[in-house]
Amino acid sequence: MINTLDNTLVAIAENFQFPGQVAKIREYGQGNINHTYLVNLNDDQAFILQRINTKVFRQPALVMANMGILGEHIEQKLQGQAFEQALNNHRRWEFPKILRSQAGADHYICEAGNFWRVISFIGNSQCFDVITNSEQAQEVGYGLGKFHALVSDLPVTKLADTLEGFHITPNYLQNYEQVLSQTIMPSSSESDYCRKFIHDRADWANVLENAKAEGILQLRTIHGDPKVNNIMFDRERGKAIAMIDLDTVKPGLVHYDIGDCLRSGCNLLGEETSQWQKVTFDLELAEAILEGYFKIAQEFLTPQDYAYIYDAIALITFELGLRFFTDYLAGNIYFKVNYPEHNLMRALVQFQLTTSIESQEKLLRQIIARY
Ligand code: GN1
Ligand code: MG
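Thresholds, definitions, all that
- Residues numbered from 1 in each chain as written.
- Chains lettered and ligands numbered in written order.
- Predicted model: local features only at pLDDT ≥ 70, side-chain atom pairs only at ≥ 80, totals over all residues.
- Heavy atoms only, no water.
- Helix = DSSP H or I, 4+ residues; strand = E, 2+ residues; numbered from the N terminus.
- Expected span 1.5 Å × (residues − 1).
- Buried < 20%, exposed > 50% of the residue type's maximum accessible area, 1.4 Å probe, protein only.
- 1 Å grid on protein atoms, 1.4 Å probe; cavity = no way out; pocket = protein on both sides within 12 Å on 5 of 7 lines; lining within 4 Å.
- Points joined across faces, edges and corners; volume = space filled by probe spheres on them.
- Nonpolar A, V, L, I, M, F, W, Y, C, P; charged D, E, K, R; others polar.
- Domains from an automatic or database assignment.
- Axes fitted to C-alpha atoms, helices over the stretch in contact; angles between N-to-C directions.
- Parallel < 35°, antiparallel > 145°, perpendicular 65-115°, else oblique.
- Left-handed = near helix turned anticlockwise from the far one by under 90°.
- Contact = heavy atoms within 4.5 Å.
- Core = buried A, V, L, I, M, F, W, Y, C linked by side-chain atoms within 4.5 Å.
- Near = heavy atom within 4 Å.
- Polar contact = N/O pair within 3.5 Å; in protein donor to acceptor, adjacent residues only side chain to side chain.
- Areas by Shrake-Rupley, 256 points an atom, 1.4 Å probe, with all protein chains shown as cover.
- Sits in = over half its atoms within 2 Å of the grid points.
- Phe/Tyr/Trp six-rings, centres within 6.5 Å; stacked < 30°, edge-to-face > 60°.
- Lys NZ or Arg CZ within 6 Å of the ring centre and 35° of its normal.

Asks: Can you help me understand helix H2 (residues 60–80) in this one?
Replies: For the α-helix, the turn length of 3.6 residues means that residues three or four positions removed from each other point alike. For H2, spanning 21 residues, the distance from its first C-alpha to its last is 31 Å, which sits close to the expected 30 Å at 1.5 Å a residue. All of the buried residues along H2 are Pro60, Val63, Met64, Asn66, Met67, Leu70, Gly71, His73, Ile74 and Leu78.

In structure tokens:
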């Protein structure tokens, strides 16, 4: 029996070469951008069906092309590492594979003009919206490090920039100022707080981009959205085994990835909490994530890279708050929302987290310096 929210989903699924009978389709995950469904086949195999948000990803075919290039590169490297993996206690590392459409393409465009794709679901795995202990945190760091190590020799020129301006903090600031100039600012103490918060940090927002322009930091292949729930864990062994959500893989600074991983991993209340005043950045988890990450990333990081890691953590957190607040002012056109002030609430959470990071700057820098 097909247990689905919408029969049209079944019709969409029929356009892909599933290796068996589709048994169930249901909404899946917490994504803020795309629409995601889990497809189960009769024999328990699972796949992810997604409708790409083409208002955000304006050239979805390039997103898929990037994913194909990335997949090939990683597949080859993993084959080369089979021996090493066997030594490493058979820890598996997997990569979501693209399932072809009936026409043999990496996507399918339905009659309504929507862009659909199907990728494999990493078997026997789970993810966490919030991490709760140091072992998990270490694994999160390992996961990001492993991903970076696997793509560290993939020339950035091979990948398209699928989301121009993504993680260029000064651009978000410019955009914010433009939206602000066209909006009648809702007068509330929360909005005033956000506005002042942004104003006070505007000069610092260039820190990573300046270092890039000066040649201190270099472009590499990055994940772009390595929040903790994009790292998959083996169900039995509790080890990180895959990174998913590869739409934003593109040339960038690994710093934004490191920052985003800690931003999402060290906020025990999670980014959707309504208790924004209680949000803090957990230093112990941060240390564990960094330890897991550096263990593997030291093979490709330069001394200059380390010098900007503190800023990256604070900056990406500030940047996400800025993006949420801008979207709130612009009328919630980018991030999916459940109520009109949802993005304002999310912004307050990220700004509170930024404050907590700033207040622990010295300790965080000491932890980083140890590596
Ligand atoms: C968006 O949709 P999701 O959850 O994968 C966003 C990220 C944010 C994240 C915050 C393309 O990712 O940049 O960090 O929300 N992705 C895009 O939850 O803008
Ligand atoms: Mg994403």
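Asks: I'm lost on the layout of surface pockets in this one. Help?
Replies: Empty pockets left among the atoms are what a rolling probe the size of a water molecule brings to light. If you add up the space inside the largest pocket, you get close to 830 Å³. Taken together, 43 residues line the largest pocket, and the ones lying closest to its centre are Gly31, Asp225, Lys227, Asn230 and Asp245. Sorting the residues of the lining of the largest pocket by element identifies strand S3 (46–51), strand S6 (115–120), helix H8 (254–265) and helix H11 (309–330) as the ones contributing at least two each. Tallying contributions element by element places H11 first for the lining of the largest pocket, with five residues. Residues that form the lining of the largest pocket fall into these classes: 19 nonpolar, 13 polar and 11 charged. Residue contributions to the lining of the largest pocket reach at least three from each of two domains, namely domain 1 (1–69 + 96–121) and domain 2 (124–369). The calculated volume of the second largest pocket comes to roughly 690 Å³. As for the second largest pocket, its lining consists of 20 residues, and the residues nearest its centre are Lys55, Val56, Leu163, Asn175 and Tyr334. Of all elements in the fold, only helix H5 (169–181) and H11 reach the threshold of two or more residues within the lining of the second largest pocket. Looking at the lining of the second largest pocket element by element, the count peaks at four residues for H11. In the lining of the second largest pocket, the residues fall into eight nonpolar, six polar and six charged. A domain-level breakdown of the lining of the second largest pocket finds at least three residues from each of domain 1 (1–69 + 96–121) and domain 2 (124–369).

Asks: How should I be thinking about the environment of Gly331 in this particular structure?
Replies: Counting through the fold element by element, Gly331 comes out in the loop between H11 and helix H12 (342–359). By relative accessible area, Gly331 is classed as partly exposed at 47%. Spatially, the C-alpha atoms of Gly331 and Asn343 are 9.4 Å apart, while their sequence positions differ by 12 residues.

Asks: How should I be thinking about the packing of H5 against H11 in this particular structure?
Replies: Axis angle and axis distance: for two packed helices, these are the angle between their axes and the distance between the axes, and together they describe the pair. Orientation of H5 relative to H11, taken along the N-to-C sense of each, is 25°, at an axis distance of 10 Å. Judged by the inter-axis angle, H5 sits roughly parallel to H11. In the packing of H5 onto H11, the handedness of the crossing is left-handed. Judged by residue contacts, Thr169, Tyr172, Leu173, Asn175, Tyr176, Val179 and Leu180 of H5 engage Leu315, Phe318, Glu319, Leu322, Arg323, Phe325, Thr326, Leu329 and Ala330 from H11. Classifying every residue of the contact of H5 with H11 by side-chain character gives 11 nonpolar, three polar and two charged.

Asks: How should the nonpolar core be read in this particular structure?
Replies: Considering soluble globular proteins, one finds that nonpolar side chains tend to be buried as a cluster. Of all hydrophobic cores here, the largest spans 102 residues; its most connected members are Leu70, Phe147, Leu208, Leu262, Phe281, Tyr293 and Phe325. Among the elements that make up this core, the one with the highest residue count is H11 (14 residues). For this core, the domains that each give at least three residues are domain 1 (1–69 + 96–121) and domain 2 (124–369). In this view, Phe281 contacts Leu262, Cys266, Ala286, Ile313, Leu353, Ser356, Ile357, Gln360 and Leu364; residues no more than four positions away in its chain are not counted. Counting 17 residues, the second-largest nonpolar core is a separate cluster that includes Ile12, Val22, Ile25 and Leu49.

Asks: Explain the site of ligand 1 to me, please; I cannot follow it from the model alone.
Replies: As a matter of local geometry, ligand 1 sits amid 16 residues, with Asn32, Lys227, Glu271, Arg323 and Tyr334 nearest to it. At 2.7 Å from an oxygen atom of ligand 1 is found a side-chain nitrogen or oxygen belonging to Asp225. Here ligand 1 has 440 Å² of accessible area as a free molecule, and 95% of this is covered by the chains. Judged by the fraction of its atoms near the pocket grid, ligand 1 is located in the largest pocket.

Asks: So what exactly am I meant to see when it comes to the packing of aromatic side chains here?
Replies: For any pair of aromatic rings, the description consists of the separation of the ring centres together with the inter-plane angle of the planes. Evaluated as defined, the whole model comprises 19 aromatic pairs. Geometrically, the ring pair formed by Tyr28 and Phe121 is edge-to-face, given 5.9 Å between the ring centres and 85° between the ring planes. One end of the pair, Tyr28, is in the loop between strand S1 (22–27) and strand S2 (35–41); the other, Phe121, is in the loop between S6 and strand S7 (125–126), and 93 residues separate them in sequence. With a relative accessible area of 28%, Tyr28 lands in the partly exposed category. Where Tyr193 meets Phe197, the ring centres are 5.8 Å apart and the plane angle is 45°; that geometry is what we call tilted. Residue Tyr193 and its partner Phe197 are both found in helix H6 (residues 189–201); the two are separated by four residues, about one turn of the helix. Using a relative accessible area of 29% as the deciding quantity, one classes Tyr193 as partly exposed. Residue Phe197 is classed as buried on the basis of its relative accessible area, which comes to 5%. An aromatic cluster of at least three residues, connected via ring pairs, comprises Tyr193, Phe197, Trp204, Trp276, Phe318 and Phe351. Looking at Arg201, its charged tip hangs above the ring of Phe197, at a distance of 3.6 Å from the centre.

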